[in-house]
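# Observations on the model geometry
Take a look at the letters that make up each chain.
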Amino acid sequence: METLKKKILEEGIVIDNHILKVDHFLNHQIDPLLTMEMGKAFHQFFQEKKITKILTLEVSGIPSALTTAFYFQVPCLFAKKSKSLTLSQNTYKSQVHSFTKQKDFQIFVDQKFLKPTDKVLIVDDFLANGNALMGLIDLCKQAGANVEGIGIVIEKSFQEGGAKIRKMGIPLLSLAKIKSFQENRVVFEEDEI
Ligand code: 5GP
């Protein structure tokens, strides 16, 4: 997605040739038009699938998951990272290792929102080693729901997550694929949309 790549080049900050900070439009402040465009791109790519639910992880996955849900006209469900008093006792639960925080945490989804009849499109902001996605896929597995595809805003393809997901045979669309960081500058793959 050219507008996304342009935005990354203009406003992204690479930290230690390792982490891309995109607080200007994705992870802190949010660009609504660009986020609508992301949702449209995911919808266009996966529209043949009979998606019934968009699943993401709070917090940074929510904006692009919501605009995707808007185009599909289906609910957007986000896994929670803490078990509040308002969350029911009947939850699916999984464990995720956070790449940016370097610690494990649990994720939860109320069982009433994920059913064996669901055809799920998972949407998230970044794909690095694939741990967040593995947790979300595990929640779907527990519910008996089918993961029809995965939409990622920014894939860092020099990390192992993308290869892991493709090996599992799940269709994956990444709107921007980063091949490497060189001297704290972003180098994109050629084949992204
Ligand atoms: P994974 O679980 O695939 O290793 O990492 C994905 C999660 O880690 C994303 O949901 C995102 O929150 C975070 N993450 C991974 N790499 C980056 C990065 O370069 N920049 C930012 N801002 N977040 C990242």
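Preceding block: the structure.
Description of the structure in this document. (Residues numbered from 1 in each chain as written. Predicted model: local features only at pLDDT ≥ 70, side-chain atom pairs only at ≥ 80, totals over all residues. Heavy atoms only, no water.)

### So, the overall build of the protein
Across its full length, the protein carries five helices and ten strands. Compactness check: the protein gives a C-alpha radius of gyration of 16 Å against a globular reference of 16 Å for 193 residues, within 12% of the reference. By principal-axis analysis of the C-alpha atoms, the protein measures approximately 50 × 35 × 35 Å. The contacts of the protein with a sequence gap of at least 6 include a subset with a gap of at least 24, amounting to 61%. For the protein, the computed accessible surface area is about 9,900 Å², with 52% contributed by carbon and sulfur atoms. (Helix = DSSP H or I, 4+ residues; strand = E, 2+ residues; numbered from the N terminus. Rg over C-alpha atoms; globule rule 2.2 N^0.38 Å. Contact = heavy atoms within 4.5 Å. Areas by Shrake-Rupley, 256 points an atom, 1.4 Å probe, with all protein chains shown as cover.)

### Here we look at helix H3 (residues 62-72)
Of the positions making up H3, those classed as buried are Pro63, Ser64, Ala65, Thr67, Thr68, Ala69 and Phe72. Tucked inside the fold, the buried residues of H3 contact helix H2 (32-46), strand S3 (53-57), strand S4 (76-79), strand S7 (119-127) and strand S8 (146-156). Following H3 by one or two positions, Gln73 has its phi on the positive side, about 60°. (Buried < 20%, exposed > 50% of the residue type's maximum accessible area, 1.4 Å probe, protein only.)

### Considering the site of the ligand
Of all residues adjacent to the ligand, which total 15 residues, the nearest are Leu20, Asn129, Gly130, Ala132 and Lys156. Here a nitrogen atom of the ligand and a side-chain polar atom of Asn27 are 3.1 Å apart. In this structure, Lys156 approaches the ligand through a side-chain N or O atom, which is 2.8 Å from an oxygen atom. Across the complex, the protein chains shield 88% of the 500 Å² of accessible surface that the ligand would expose by itself. Counting residues per element, the shell around the ligand draws most heavily on S7, at four residues. In the shell around the ligand, the residues fall into seven nonpolar, five polar and three charged. (Near = heavy atom within 4 Å. Polar contact = N/O pair within 3.5 Å; in protein donor to acceptor, adjacent residues only side chain to side chain. Nonpolar A, V, L, I, M, F, W, Y, C, P; charged D, E, K, R; others polar.)

### With respect to the packing of aromatic side chains
Summed over all chains, the structure comprises three aromatic pairs. A ring pair is formed by Phe45 and Phe46, whose centres lie 4.9 Å apart and whose planes are at 80°; its orientation type is edge-to-face. Using a relative accessible area of 2% as the deciding quantity, one classes Phe46 as buried. Seen from their ring centres, Phe70 and Tyr71 are 5.2 Å apart, and the 80° between their planes marks the pair as edge-to-face. A residue is classified by how much of its surface remains accessible, and Phe70, at 47% relative accessible area, is partly exposed. (Phe/Tyr/Trp six-rings, centres within 6.5 Å; stacked < 30°, edge-to-face > 60°.)

Scope: geometric values only; no functional claims are made or implied.
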